[in-house]
Amino acid sequence: MGRRAPACDWDAYADRYPDVRAAFGRDARALAAHYDAHGAGEGRHCAAHEDFAEVVDLEGLDVPARWRVLRGGTMEIVPHVFVELRGDADHARVAGHFCGDAQLGGDCEASVRAAVEAAASANAAHLIATQPGTFEVPRTTVWGQETTDGARVVAASWLRERDFASRCAPDETSGTKVAVLVTGQLRVFGDAHRAKLRRDLADFSTFVATYPEFRAEAEALGAEAVYADAAALSHLLARHNVGLGHSHFGAAMDERKVHGQVWQWALLDLALDAFGARLEAFDVLVRTRTDLDERAPLPYASLRPAPGAVHCRSDFVFYGARGAFLAAFGPMFRRVLGVYWRPEGGREGQPYVPIDWGALLESDLSGVKWWWLPLPLRIFGDARPATPLDLKLFVADHLRELGAVAAGAPARLSSRTEFTAQERRPARKPDADVTA
């Protein structure tokens with residue numbers, strides 16, 4: 001006879017195993033007898049939940065994920081997040097932003113506020129906050145292996161991306177004039193999509209930086225536009241003292257080795273240069289694209305950026321007060337050349353691009369590909385942070401040493417992912433016509 005689990009839930013046992021339910025219905029005595037005689041020996045579970053722990057590989061990051069699958073097809077994950085405590089932080093607003101961002105209800109705000117106040121009273125520099133998040137398991141088969149596979153990825157993804165920082169609590173004041181920068185290819189999927197874009201942007205000044213083949217779409221949006229033709233790209237590279245075949249951080253530049261994503265930053269740089277004087281009239285700058293699958297448009301009119309911060313909805317959509325936005329993205333193209341335009345090889349051997357590590361501690365890294373940050377080898381060694389918490393705890397312990405690392409020092413990324421042949425697309429050569 002099998003050994004009875006300490007806390008069996010016979011309704012959960014019946015829900016979990018359709019064959020058992022078909023044989024015994026919900027007769028608690030019969031279900032208990034089956035479990036004792038057969039279920040335990042077959043490895044069946046009778047508790048109201050199942051706990052799992054597994055190291056999950058996500059894009060080269062080994063994320064130690066823990067999760068609980070609950071009765072009824074939901075799962076619970078308890079994230080541990082790093083909260084940087086600032087002396088002037090409003091504890092109620094910090095708690096409200098934390099719980100709202102994590103989509104947690106109940107007594108979340110009260111418990112987080114108490115934790116923040118206790119840590120602040122103890123003069124702590126940061127707080128490790130924990131609150132459970134409950135989600136639907138992303139498959140219909142409950143308690144089977146298929147469901148477990150779906151849950152493990154959700155749990156690992158949540159832990160890899162969940163973060164919070166008090167600096168991201170928005171300011172009470174907000175600029176009223178918003179400029180929207182649309183950069184890259186203007187992918188539009190028909191008349192309905194085009195009409196939606198025009199409605200979303202109708203009340204805002206829109207500035208476009210794209211390629212000549214998208215001129216018709218730029219005009220349909222009624223936007224001021226600059227086009228990345230041969231002359232514009234030549235001007236862009238010359239302004240940064242960069243040319244094909246020249247070197248950056250000692251690495252030979254070859255248009256055949258360029259990563260396609262470098263051009264999203266080139267076009268943003270082109271927009272900031274072309275429209276710089278016009279943008280001085282706006283309080284908030286937003287960068288976006290046309291091909292995002294949004295259930296609802298970004299609420300441009302109600303954006304409230306935090307002082308000195310840039311808010312990233314993703315690596316495609318971000319915004320900030322004009323000064324903070326320009327400080328972050330004005331030099332971005334030059335900074336990323338060493339990341340995206342390199343000789344053969346993967347992400348190892350990365351040249352270090354200086355980072356404001358203190359600002360990183362105060363930043364919310366949720367939804368941002370933080371694992372692509374260059375980590376100086378001399379400081380990080382073999383450490384490979386798997387979550388924002390891992391990264392921030394390491395940075396907090398080595399903040400002074402990180403501030404002394406020089407640009408170009410050997411570095412690497414947290415992820416083991418390498419650039420693939422498909423990612424390395426030929427550059428749009430400045431000395432040739434630009435084609436689709």
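Residues numbered from 1 in each chain as written. Predicted model: local features only at pLDDT ≥ 70, side-chain atom pairs only at ≥ 80, totals over all residues. Heavy atoms only, no water.

(A) Focus on the side chain of Thr210. Tracing the sequence through the fold places Thr210 in strand S8 (residues 205–210). In this structure Thr210 comes out as buried when scored by relative accessible area, which is 0%. A polar contact is formed between the side chain of Thr210 and the backbone oxygen of Gly184, at a distance of 2.7 Å. Setting aside its immediate chain neighbours within four residues, Thr210 contacts Gly184, Gln185, Leu186, Val226, Tyr227, Ala228 and Leu267. (Helix = DSSP H or I, 4+ residues; strand = E, 2+ residues; numbered from the N terminus. Buried < 20%, exposed > 50% of the residue type's maximum accessible area, 1.4 Å probe, protein only. Polar contact = N/O pair within 3.5 Å; in protein donor to acceptor, adjacent residues only side chain to side chain. Contact = heavy atoms within 4.5 Å.)

(B) Examining the packing of aromatic side chains more closely. Counted according to the given criterion, the structure contains 16 aromatic pairs. With a centroid separation of 5.6 Å and 80 degrees between ring planes, the pair formed by Trp10 and Tyr13 is classed as edge-to-face. In this pair, Trp10 and Tyr13 are both assigned in helix H1 (residues 10–16), 3 residues apart and thus about one turn of the helix distant. Under the relative-accessibility criterion, Trp10 is labelled buried at 16%. Considering the side-chain rings of Trp370 and Trp371, the 5.6 Å spacing of their centres and the 85 degrees angle between planes classify their relative orientation as edge-to-face. Owing to a relative accessible area of 2%, Trp370 belongs among the buried residues under this scheme. Members of the aromatic cluster, each reached through a chain of ring pairs, are Trp10, Tyr13, Tyr17 and Tyr35. Note that Arg44 overlies the ring of Tyr17, its terminal NZ or CZ placed 4.9 Å from the centroid. Just above the ring of Tyr227 sits the side chain of Arg215; from NZ or CZ to the centre is 4.0 Å. (Phe/Tyr/Trp six-rings, centres within 6.5 Å; stacked < 30°, edge-to-face > 60°. Lys NZ or Arg CZ within 6 Å of the ring centre and 35° of its normal.)

(C) Expanded view of the nonpolar core. The biggest cluster of nonpolar side chains holds 51 residues, and the ones touching the most others in it are Trp265, Leu279, Val286, Tyr300 and Phe329. Sort the elements by how many residues they give to this core and helix H10 (residues 262–274) lands first, with 9 residues. In this structure, Leu279 is in contact with Ala179, Leu181, Phe207, Leu272, Leu285 and Arg322, ignoring residues within four places of it in sequence. Judged by nonpolar contacts, the second largest core, of 36 residues, contains Ile77, Ala156, Leu391 and Val405. (Core = buried A, V, L, I, M, F, W, Y, C linked by side-chain atoms within 4.5 Å.)

(D) Highlighting the sheet that holds strand S15 (residues 350–351). Pairing within the open sheet is antiparallel, and its 3 strands lie in the order S15-S17-S16. The sheet terminates laterally at S15 and strand S16 (375–376), the two strands that pair on one side only. In this sheet, strand S17 (residues 410–412) lies alongside S15 in antiparallel orientation, the contact comprising 2 bridges. By the bridge assignment for S17, Gln350 is matched with Ala411. (Pairing = 2+ DSSP bridges.)

(E) Seen up close, unusual backbone geometry. Located in the positive-phi region is Asn123, a residue other than glycine, with phi close to 60 degrees. Inspection of the secondary structure assignment puts Asn123 in the loop between helix H5 (108–121) and strand S5 (126–130).

(F) Looking closely at the packing of H10 against helix H12 (residues 322–329). Where H10 meets H12, the closest approach of the two axes is 11 Å, and the angle between their N-to-C directions is 130 degrees. In this view, H10 runs oblique relative to H12, as classed from their interaxial angle. Between H10 and H12 lies a crossing of left-handed hand. Counted together, Trp265, Leu268 and Leu272 of H10 and Phe325, Leu326 and Phe329 of H12 form the full contact between these two elements. (Axes fitted to C-alpha atoms, helices over the stretch in contact; angles between N-to-C directions. Parallel < 35°, antiparallel > 145°, perpendicular 65-115°, else oblique. Left-handed = near helix turned anticlockwise from the far one by under 90°.)

(G) Geometry of the environment of Trp67. Along the chain, the position of Trp67 falls in strand S2 (residues 61–70). A relative accessible area of 3% means that Trp67 is categorised as buried. Separated by 89 residues in the primary sequence, Trp67 and Ala156 have C-alpha atoms spaced 8.8 Å apart.

(H) How the structure looks around the state of the cysteines. Across all of its chains, the model carries 1 disulfide by this definition. What pairs with Cys8 in a disulfide is Cys46, and their sulfur atoms sit 1.9 Å apart. The sign of the -45 degrees torsion about the S-S bond sets the Cys8-Cys46 disulfide as left-handed. Residue Cys8 is located in the segment before H1, and its partner Cys46 is located in the loop between helix H3 (28–39) and strand S1 (49–58); the two are separated by 38 residues in the primary sequence. On the accessibility criterion, Cys8 (23% relative accessible area) is partly exposed. Relative accessible area serves as the criterion here: at 2%, Cys46 is assigned to the buried category. (Disulfide = S-S within 2.5 Å.)

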